[in-house]
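# Residue-level structure breakdown
Listed here are the chains, written in short residue letters.
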Amino acid sequence: AQSVTQLDSQVPVFEEAPVELRCNYSSSVSVYLFWYVQYPNQGLQLLLKYLSGSTLVKGINGFEAEFNKSQTSFHLRKPSVHISDTAEYFCAETPSGSARQLTFGSGTQLTVLP
Amino acid sequence: KAGVTQTPRYLIKTRGQQVTLSCSPISGHRSVSWYQQTPGQGLQFLFEYFSETQRNKGNFPGRFSGRQFSNSRSEMNVSTLELGDSALYLCASSPTDALEKLFFGSGTQLSVL
């Protein structure tokens, strides 16, 4: 069974500092990987996705993630965060051959401090 | 283009009642999925419909059911509500039968008293 582990439940960081949100997946088969963001009282918005090809994926709002197959990781990074990036971030995966449902991690609350 | 619309936005029910939540996907999208989000269990997959057929179901009791209509709109029903059913229920739609282009609605917040 697939599982996704987000290693940090809360990440506080000062404005304009870099941030990395960590995600590891367990599936042994080929997977698609996603990062979603959820603002308070809202649904999920896709930040970026890895389907195949280049292991460095760029998304919206200046975020990027790197797929590392050997370490089964898909960490999310941003070089300089803003107050508006405060939100909960979810990593998710689905098997590429049968992409019918997402398995989500438990989420990381990113709080950007002034 | 309108996004995924979920109604109602908030719902309060009591134990033992039943509830129906509605989801209107983005125009042209034929796949609709439902997820339950709770503080304790996180985001969990409920079921997925494509062209009125349920293709995939998560590990939830039979009290949770759903359906999809010919216009791709979907409803989910929870019968005999329990306190633990309190959650944010998220609907997502996709234009194809894969998840590369999955769009989420804002959810229905269900509170069971």
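Every value quoted in this text rests on a predicted model; they were computed, and no experiment measured them. (Residues numbered from 1 in each chain as written. Chains lettered and ligands numbered in written order. Predicted model: local features only at pLDDT ≥ 70, side-chain atom pairs only at ≥ 80, totals over all residues. Heavy atoms only, no water.)

All names here are of chain B. Residue position: Ser74 is located in strand S8 (residues 74-78). On the basis of relative accessibility, which here comes to 0%, the residue Ser74 falls in the buried class. At 2.9 Å, the side chain of Ser74 and the side chain of Trp34 are in polar contact. Residues in contact with Ser74, not counting those within four places in the same chain, are Leu21, Ser22, Cys23, Val32, Trp34, Tyr49, Arg67 and Gln68. (Helix = DSSP H or I, 4+ residues; strand = E, 2+ residues; numbered from the N terminus. Buried < 20%, exposed > 50% of the residue type's maximum accessible area, 1.4 Å probe, protein only. Polar contact = N/O pair within 3.5 Å; in protein donor to acceptor, adjacent residues only side chain to side chain. Contact = heavy atoms within 4.5 Å.)

One pass over the full model with this rule turns up two disulfides over all chains. In this model Cys23 of chain A forms its disulfide with Cys91 of chain A; the gap between the sulfur atoms is 2.0 Å. Between Cys23 of chain A and Cys91 of chain A the disulfide shows an S-S torsion of about -65°. By sign, it is left-handed. A residue pair is termed long-range when its members are at least 10 positions apart, and Cys23 of chain A in strand S4 (residues 23-25) and Cys91 of chain A in strand S10 (residues 87-95) qualify at 68 residues. Cys23 of chain A sits in the buried class, given a relative accessible area of 0%. Note that Cys23 of chain B is cross-linked by a disulfide to Cys91 of chain B, the S-S spacing being 1.8 Å. Linking Cys23 of chain B and Cys91 of chain B, the disulfide has an S-S dihedral of approximately -60° and is accordingly described as left-handed. You can see Cys23 of chain B sitting in strand S3 (residues 19-24) and its partner Cys91 of chain B sitting in strand S9 (residues 87-94), a full 68 residues away along the chain. For the pair shown, Cys23 of chain B and Cys91 of chain B are each scored as buried. (Disulfide = S-S within 2.5 Å.)

The next point concerns the sheet that holds S3 of chain B. Residues and elements named next belong to chain B. Reading across from one edge, S1-S3-S8-S7 is the order of the four strands in this open sheet, with antiparallel pairing throughout. Each edge of the sheet is formed by a strand with only one pairing partner; in this case those strands are strand S1 (5-7) and strand S7 (64-68). On average, adjacent strands in this sheet sit at an angle of 20° to one another, irrespective of strand direction. (Pairing = 2+ DSSP bridges. Axes fitted to C-alpha atoms, helices over the stretch in contact; angles between N-to-C directions.)

This brings us to the nonpolar core. One finds Trp35, Leu47, Leu48, Phe74, Leu76 and Tyr89 of chain A to be the most contacted residues of the largest nonpolar core, which totals 26 residues. Excluding anything up to four places from it in sequence, Leu48 of chain A contacts Leu33, Phe34, Trp35, Val57, Lys58, Gly59, Phe63, Glu64, Ala65, Phe74 and Leu76 of chain A. Formed by 21 residues, the second largest nonpolar core is a distinct cluster that contains Val4, Tyr49, Leu81 and Ala87 of chain B. (Core = buried A, V, L, I, M, F, W, Y, C linked by side-chain atoms within 4.5 Å.)

Another aspect to go through is the interface of chain B and chain A. Where interface size is given, it is often the accessible area lost as the parts come together that is meant. Taken together, the contacts link 20 residues of chain B with 17 residues of chain A. Approximately 1,600 Å² of surface area, both sides summed, lies buried where chain B meets chain A, with 54% of it carried by carbon and sulfur atoms. There are zero salt bridges connecting chain B and chain A. Remark: the boundary between chain B and chain A carries four residue pairs in polar contact (both at pLDDT 80 or more). Residue assignment for the side of chain B that touches chain A shows that the elements contributing at least two residues are strand S4 (31-38), strand S5 (42-50), strand S6 (53-57) and S9 of chain B. Looking at the side of chain B that touches chain A residue by residue, the class counts come to nine nonpolar, five polar and six charged. (Buried area = accessible area lost by both parts, 1.4 Å probe. Salt bridge = Lys/Arg side-chain N within 4 Å of Asp/Glu carboxyl O. Nonpolar A, V, L, I, M, F, W, Y, C, P; charged D, E, K, R; others polar.)

A few words now on the confidence of the model for chain B. Confidence in the prediction of chain B, expressed as mean pLDDT, is 93, and 96% of residues score 70 or more. Least confident of the elements in chain B is S6 of chain B, whose mean pLDDT is 91; most confident is S3 of chain B, at 98. (pLDDT = per-residue confidence, 0-100.)

Right, let's talk about the packing of aromatic side chains for a bit. Under the definition given, this model contains 13 aromatic pairs over all chains. Between the aromatic rings of Tyr36 of chain A and Phe104 of chain B, the centroid separation amounts to 5.4 Å while the plane-to-plane angle is 80°, which identifies the pairing as edge-to-face. Highlighted residues: Tyr36 of chain A in strand S5 (residues 31-38) and Phe104 of chain B in strand S10 (residues 103-104), drawn from two different chains. Residues Tyr36 of chain A and Phe104 of chain B agree in their burial class; the two are buried. Three or more aromatic residues joined by ring pairs make a cluster, and in this case those are Phe34, Tyr36, Phe90 and Phe104 of chain A together with Tyr35, Phe45 and Phe104 of chain B. (Phe/Tyr/Trp six-rings, centres within 6.5 Å; stacked < 30°, edge-to-face > 60°.)

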